[in-house]
Structures are given as C-alpha cells and as structure tokens.
Amino acid sequence: DTSLEMFLKLTLHPTSHSDRINAEISGLYYILADIAAEKERYAEAEGLFENAKKFSQNNNIINSRIAEICHDLTTKGDSLLAVELPDEAKAVYETIFIFHENSENAKNAVAKAVATKNNYINAEKLFAEAVKYEEKKKYQIALKSYNQSKKLHNTKPVREKIFTMQNLIRAEKNPLEFA
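Remember, it's a predicted structure, so these values are computed and weren't measured experimentally. (Residues numbered from 1 in each chain as written. Predicted model: local features only at pLDDT ≥ 70, side-chain atom pairs only at ≥ 80, totals over all residues. Heavy atoms only, no water.)

### Digging into helix α3 (residues 42-55)
The α-helix winds at 3.6 residues per turn, so residues separated by three or four positions along the chain end up facing the same way. How we decide: The numbering of helices and of strands both runs from the N terminus, where a helix is a DSSP run of H or I of at least 4 residues and a strand a run of E of at least 2. Given a helix with a known number of residues, its expected span is that number minus one, times 1.5 Å. Each residue is assigned to one of three classes by its accessible area relative to the maximum for its type, calculated with a 1.4 Å probe on protein chains only: buried under 20%, partly exposed between the two thresholds, exposed over 50%. Throughout, the arc means the angular range of directions from the helix axis out to the C-beta atoms.
For α3, with 14 residues, the first-to-last C-alpha span of 20 Å sits near the 20 Å given by 1.5 Å per residue. Looking at α3, one finds that the buried residues are Tyr 42, Ala 45, Leu 48, Phe 49 and Ala 52. Down the axis, α3 shows its buried residues gathered within 120 degrees of arc, on one side only. Of the residues in α3, the exposed ones pointing more than 90 degrees away from the buried face are Ala 43 and Lys 54.

### Some thoughts on the packing of aromatic side chains
Definition in use: A pair of aromatic rings is counted whenever rings of Phe, Tyr or Trp (Trp by its six-membered ring) have centres within 6.5 Å, and the orientation is called stacked for planes under 30 degrees apart, edge-to-face for over 60 and tilted otherwise.
Across all of its chains, the model carries four aromatic pairs by this definition. Between Phe 127 and Tyr 146 the ring centres are 5.3 Å apart and the planes differ by 65 degrees, which places this aromatic pair in the edge-to-face class. Of this pair, Phe 127 sits in helix α6 (residues 104-135) while Tyr 146 is found in helix α7 (residues 139-152), placing the two residues 19 residues apart along the sequence. Overall, Tyr 146 belongs to the buried group, its relative accessible area being 0%.

### Examining α7
In plain terms, the rule: Note on contacts: a residue pair qualifies if any of its non-hydrogen atoms lie within 4.5 Å across the two residues.
Between the first and last C-alpha of α7 there are 20 Å, a value that for 14 residues agrees with the 20 Å anticipated at 1.5 Å per step. Contacts made by the buried residues of α7 are with α6 and α8 (156-173).

### Some points on the packing of helix α2 (residues 18-38) against helix α4 (residues 60-82)
Each pair of packed helices can be summarised by the angle the axes make with each other and by the distance between the axes. Formally: Comment: axis = line fitted to C-alpha atoms, over the contacting stretch for helices; angle = value between 0 and 180 degrees taken between N-to-C directions. Note that the term roughly parallel is reserved for angles under 35 degrees, roughly antiparallel for angles over 145, roughly perpendicular for angles of 65 to 115, and oblique for everything else.
Where α2 meets α4, the axes come as close as 11 Å, and the angle between the chain directions of the two elements is 5 degrees. As summarised for this structure, α2 and α4 are arranged roughly parallel, according to the angle between their axes. Facing Ser 26, Tyr 30, Asp 34, Ala 37 and Glu 38 of α2, the residues of α4 in contact are Ile 61, Ile 62, Arg 65 and Ile 69.

### Concerning the pattern of salt bridges
Quick reminder of the rule: When a carboxyl oxygen of Asp or Glu is within 4 Å of a side-chain nitrogen of Lys or Arg, the pair counts as a salt bridge.
All told, the structure shown has eleven salt bridges when counted by the stated rule. Note that Arg 41 and Glu 44 form a salt bridge whose closest N and O atoms lie 2.6 Å from each other. For Glu 104, the salt bridge goes to Lys 107, with nearest N and O atoms at 3.5 Å. Of this pair, Glu 104 and Lys 107 both sit in helix α6, three residues apart, roughly one helical turn. Counted as one network, the salt bridges with shared partners bring together Asp 34, Glu 38, Arg 65 and Glu 68.

### A look at the environment of Ile 121
One can find Ile 121 in helix α6. According to the relative accessible area criterion, Ile 121 is partly exposed, its value standing at 33%. The spacing of Ile 121 and Leu 152 is 31 residues in sequence and 9.0 Å in space, taken between C-alpha atoms.

### Here's the deal with the side chain of Thr 116
Basically, it comes down to this: Two N or O atoms form a polar contact when they lie within 3.5 Å of each other; inside protein one atom must be a possible hydrogen donor and the other a possible acceptor, and for residues adjacent in sequence the pair counts only when both atoms belong to side chains.
For Thr 116, the position within the fold is in helix α6. Looking at Thr 116, its side chain comes within polar contact range of the main-chain oxygen of Lys 112, at 2.8 Å. Leaving out residues up to four positions away in the same chain, Thr 116 has contacts with Leu 81 and Pro 86.

### Observations regarding unusual backbone geometry
Its identity as a non-glycine residue notwithstanding, Glu 40 has a phi of 60 degrees, on the positive side. Tracing the backbone shows Glu 40 in the loop between α2 and α3. Classification of Glu 40 by relative accessible area gives partly exposed; the value is 47%. Residue Lys 137 is not a glycine yet carries a positive backbone phi of 60 degrees. Residue class for Lys 137 comes out exposed when judged on its relative accessible area of 57%.

### Comments concerning the nonpolar core
Rule in force here: Remark: nonpolar core denotes a set of buried residues (Ala, Val, Leu, Ile, Met, Phe, Trp, Tyr, Cys) joined through side-chain atoms within 4.5 Å.
Formed by 28 residues in total, the largest nonpolar core has its most connected members in Phe 49, Ile 69, Leu 73, Tyr 93 and Phe 99. Only α2, α3, α4, α5 (86-99) and α6 provide two or more residues apiece to this core. For this core, the element with the highest residue contribution is α4, accounting for seven residues. Setting aside anything within four residues of it in sequence, one finds Phe 49 in contact with Tyr 30, Ala 33, Asp 34, Ile 62, Arg 65, Ile 66, Ile 69 and Phe 99. Among the nonpolar cores identified, the runner-up in size contains nine residues, and Tyr 139, Ala 142, Leu 143 and Tyr 146 belong to it.

Dropping the structure here:
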C-alpha cells in the first residue's frame, strides 16, 4: 500500500510522466485485486479492479483477468453440482454477479442449481411415498414412485429399491421361480 500511496500522491502534481505513473498505479491495483481474488475476497477484488481500470489506458488485461476469475467460479460451481452440492454451487455462481451483475451465464447456472435442488427435494418425497406403498405391499405403485424418484435424482438407494421391487413383483407373479 505504501508504494501505491506514493504514486497516488504523485498524481496531484503536474508532470510529463503522468502516463507512466498511472500505469504503475493501475498495475499495483491489479496486483492487489488479484491477491484479493486468490484469497476469495471477491468484492474487494472487484473494487480494486475498478480502480485499476480508472488508471489504465487499456483495460483488456484487467477484463481478461476478471473473465478468467468468473470462468474459474463457474468451473468450481459445476464441480460442486457434480458432487450433488447444489446450495454450495448456487453460492459460488452468485459470486459472479459481483463482477458482472447481469451475467446471463451466472443467471442460468444459478437457475440450474436451484432446479437441481428442487429435483433432489422432489426425489426424496417420491422415495418416501414409494416406501409407504412398499410397506403396504403395493409393489407396482412403489416401483413407479421409485422410478420417478430415479429420474429426478439417480442414487444407489433408489436403484436398489427398484431392483428389489422388480424382484418382489416377479415373485408375486411366479412364486415358484423364487422359492
């Protein structure tokens, strides 16, 4: 911060080197922003990138770095979604709005995370419903509910229940085969 403060003080005085001074200030803000982003202090990083832009004659490098950070956030959110953590994925996707408040990609990613979460909730309800039918020995209806649950959230317990229901239905139809 000390060198940044020193360069900022230099801007208060007329000089023929103002372009070089501004470039140094922009570079220092860029470095500070990058450090903040690496530490996942994104709001701070965004403010520092904006300051870097104010002193830069060419914002391409700054904008490229912001795009890279947003891409990394999208990749991280996608990874969280892949391991079935939609709430965490949504939070990561929403971080992109700090840099691009109207990002269509971020809006779509958030919507996908919300839809995935809703699918998981509905799958759990269908699974619970299927268990009740199974307890009542209504295996055909239970199988249908398990299959619907599987379409929303394909998990090992659901697949195991489907396998069990299929066997119970076959056993009811042909008990000698399973004797």
